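What follows is the residue order along each chain.
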Amino acid sequence: PKPWLSPEAKPFVRIHKVTKKFGDFIAVDDVTLDIYRGELFCLLGGSGCGKSTLLRMLAGFETPTEGRIEIDGQDMAGIPPYDRPTNMMFQSYALFPHMTVEANVAYGLMREGMGRAEARDRVADMLRMVQLSKFARRKPHQLSGGQRQRVALARALVKRPKLLLLDEPLGALDKKLREETQYELIRIQETLGVTFIIVTHDQEEAMTLSTRIGVMNAGEIVQVGEPPEIYEFPKSRFVADFVGSVNIFEGRVSEDEPDYIRLDSPELGGTIHVGHGVSCRMNQQMWYAIRPEKIVVSRVRPEAEHNIVQGLVEEVLYMGNLSVFRIRLDSGKIIRATRANLSRQEHDAISWDERVWVSWGDTSGVVLTQ
Ligand code: ATP
C-alpha cells in the first residue's frame, strides 16, 4: 500500500508553504510536502540547497519564517524540540566518550525518569535490534565507525519517536559499510514502523533507501517521487543530471504528431525521434535526456530507422560490471554510454579510437521543457 497514491490517506507530516530566511537569504523557499506514516523519505540535494534547514525546522531547532508544519495532526508552531514526537540523529553522532554503549543508549530514558529495570530492558532490545548486544560494555573509542553509527541510531530510536530525522546518517562510513548499513536501516525502519526522514546528498543512497525522494535545489523541492519515477521520468535537466548520469541534447520541435514528435538537434547532428506524444508547440526549444545505459554502441549499423549517429570512441573505462564509453559524436558533442560486461571474455570489446554507431530506442529517453 502506497498512501501517497491514495487521495484519502492522511499525511503524517504536512509541510505547508514553508519558507526560511536568514536575513535576506532564502534557505528554504515555499516548500509544500506531505509525508506519510511508515515512509522512509529522503531529502536529496547538493550542498547548501536547504535540506538540513528543512529537517531542523521539523525537529524544532529552527523556526519557519513563513508557513506551517504539522506532525501527527498537531501544529508545531511554538512547540520546542523536546515536546515534539520527533528525534534527530546528527551526522557527528556525538556519543558520550566516557560512557559505555549501554549507558549512551540509556541516557535519554534515564533523563526522562524511566525506572532502571525498564530502561535496561528497552536498551537491551534496542542493542539487539542494531546487533550490538555483545558490545554493550564497550566505550565508543573501542568501536568501529559503523558500530558507533549504530549506537547513535539505537540512542535515537530507544525513546520510540514517531518520527526520526536523520542528517547524513551514513556520511562517515566507507562505501562497503554504507551499503550494509543501508539495508540495516531499512530493516530497522520496517520492524519498528517509525517514519524516517533522511537528508542526503548521495543519490545512490536515496535510490536504495527511500520510499520516496524529494529532490531539492536552491531552497525549493523540485520533484517528489518514488525512486524509479525520479530516475526514469525526471521533470527537469537539473533532476536528470543530479540523479545519475545523463546525456542531454538541446533541440527544437520540428514535427508534432499525436503519437510521436521530432526534435531538430544540431547538438546531435540530426533529428531525435521521440516515440510518444508530448505537449509542445512547433519550434519550441526542448531538451532530450537519455541515460548512458540506454544507448547502444555497435560496430555495425543497427537496423533501426531513427536515432542513429556515428562517433569516435575517445575513452573506455572498465568498471568491472560495466564499461563506460566516452564518445565524440560527429557533431562534436561528447556523450557517455555504458555497456554491461556480461561475459568474462568480451572478444569483440570495442576499444578507444574506434568509429562506432550510436543508437537508441524511440522511448528510451525523456523530453524536458526546462
Ligand atoms: P549541506 O549538505 O552542505 O549541509 P544543506 O542542503 O543541508 O547543505 P543547509 O544547511 O540547509 O544546506 O543550508 C542552506 C543554506 O542556508 C546555506 O547556504 C547556508 O549557508 C544557509 N544557512 C544555514 N543556516 C544558516 C544560519 N544559521 N544563518 C545564515 N545562513 C544559514
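Residues numbered from 1 in each chain as written. Predicted model: local features only at pLDDT ≥ 70, side-chain atom pairs only at ≥ 80, totals over all residues.

**So, the overall build of the protein**
- Looking only at helices and strands, the protein features eight helices and 20 strands.
- Seen along its three principal axes, the alpha-carbon backbone of the protein occupies a region of about 75 × 50 × 40 Å.
- Per-residue burial for the protein yields a buried fraction of 34% across its 370 residues.
- In the protein, the share of contacts with a sequence separation of at least 24, taken over all contacts with a separation of at least 6, comes to 62%. (Helix = DSSP H or I, 4+ residues; strand = E, 2+ residues; numbered from the N terminus. Buried ≥ 20, exposed ≤ 12 C-beta atoms within 10 Å, placed from the backbone. Contact = placed C-beta atoms within 7 Å.)

**Focus: the packing of helix H2 (residues 101-111) against helix H4 (residues 145-157)**
- It is the contact of H2 with H4, at a shortest axis distance of 7 Å, that shows an interaxial angle of 25°. Taken together, the axis directions place H2 and H4 in an arrangement best described as roughly parallel. You can see that H2 and H4 cross each other, and the crossing is right-handed. Between H2, through Val101, Asn104, Val105 and Gly108, and H4, the contact on the second element is made entirely by Val151, Ala154 and Arg155.
- Taken together, the residues of the contact of H2 with H4 break down into four nonpolar, two polar and one charged. (Axes fitted to C-alpha atoms, helices over the stretch in contact; angles between N-to-C directions. Parallel < 35°, antiparallel > 145°, perpendicular 65-115°, else oblique. Left-handed = near helix turned anticlockwise from the far one by under 90°. Nonpolar A, V, L, I, M, F, W, Y, C, P; charged D, E, K, R; others polar.)

**Focus: the nonpolar core**
- With 83 residues, the main nonpolar core has Val105, Ala154 and Ile197 as its most contacted residues.
- A total of six residues in this core trace back to one element, the largest contributor, which is H4.
- Inspection of this core shows a minimum of three residues originating in each of domain 1 (3-241) and domain 2 (245-368).
- With sequence-adjacent residues up to four places away left out, Ile197 is seen in contact with Ile35, Phe41, Leu43, Leu55, Leu58, Leu163 and Leu165. (Core = buried A, V, L, I, M, F, W, Y, C linked by C-beta atoms within 7 Å. Domains from an automatic or database assignment.)

**Structural notes on the domain arrangement of the protein**
- Taken domain by domain, the protein holds domain 1 (3-241) and domain 2 (245-368).
- One C-alpha centre belongs to domain 1, the other to domain 2, and the line joining them spans 38 Å.
- The interface of domain 1 with domain 2 comprises six residues on the first partner and six residues on the second.
- Looking at the side of domain 1 that touches domain 2, its residues break down into three nonpolar, one polar and two charged.

**Thoughts on the sheet that holds strand S11 (residues 247-256)**
- Taken together, five strands build an open sheet; the order of strands is S13-S12-S11-S14-S20 and the sheet is antiparallel. Only two strands of the sheet have a single neighbouring strand rather than two, namely strand S13 (270-274) and strand S20 (366-368). Taking the axes of each pair of neighbouring strands and ignoring which way they run, one obtains an average angle of 40° across the sheet.
- Relative to strand S14 (residues 285-290), S11 runs antiparallel, the two sharing six bridges. Residue pairing for S14: Asn247 is matched across the bridge by Ile290. (Pairing = 2+ DSSP bridges.)

**A closer look at the pairing of S11**
- Across four bridges, the pairing between S11 and strand S12 (residues 261-265) is antiparallel. Counted as the bridge partner of Asp256 is Ile261 from S12.
- Following S11, the chain reverses through four residues before pairing antiparallel with S12.

**A few points about the site of the ligand**
- The environment of the ligand is formed by Phe22, Phe25, Ala27, Gly45, Ser47, Gly48, Cys49, Gly50, Lys51, Ser52, Thr53 and His201.
- Elements represented by at least two residues in the shell around the ligand include exactly strand S2 (25-35) and helix H1 (51-59).
- Tallying contributions element by element places H1 first for the shell around the ligand, with three residues.
- Per-class residue counts for the shell around the ligand are four nonpolar, seven polar and one charged. (Near = placed C-beta within 6 Å.)

**Overview of the packing of H2 against helix H3 (residues 116-129)**
- Put simply, H2 and H3 touch, their axes get as near as 9 Å, and they point 130° apart. In this view, H2 runs oblique relative to H3, as classed from their interaxial angle. The chirality of how H2 crosses H3 is right-handed. Taking contact as the criterion, the partners of Glu102, Val105, Ala106, Leu109 and Met110 in H2 are, on H3, Ala119, Arg122, Val123, Met126 and Leu127.

**With respect to the sheet that holds strand S15 (residues 296-298)**
- Read from one edge of the open sheet, five strands run S15-S19-S16-S17-S18, paired in antiparallel fashion. A strand with exactly one partner marks an edge of an open sheet, and here the two such strands are S15 and strand S18 (334-340). When strand polarity is set aside, the average angle formed by the axes of neighbouring strands in this sheet is 45°.
- Looking at chain direction, S15 and strand S19 (residues 355-359) are connected through three bridges and run antiparallel. Bridge pairing in S19 places Ser298 opposite Trp357.

**Section: H4**
- Look at H4: 18 Å from first C-alpha to last across 13 residues, which is about the 18 Å you get at 1.5 Å a residue.
- With 10 of 13 residues buried, H4 is to be regarded as a mostly interior element.
- For H4, the full list of buried residues reads Arg148, Gln149, Arg150, Val151, Ala152, Leu153, Ala154, Arg155, Ala156 and Leu157.
- On its buried side, H4 packs onto strand S6 (86-89), H2, H3, strand S7 (163-167) and helix H5 (175-192). (Expected span 1.5 Å × (residues − 1).)

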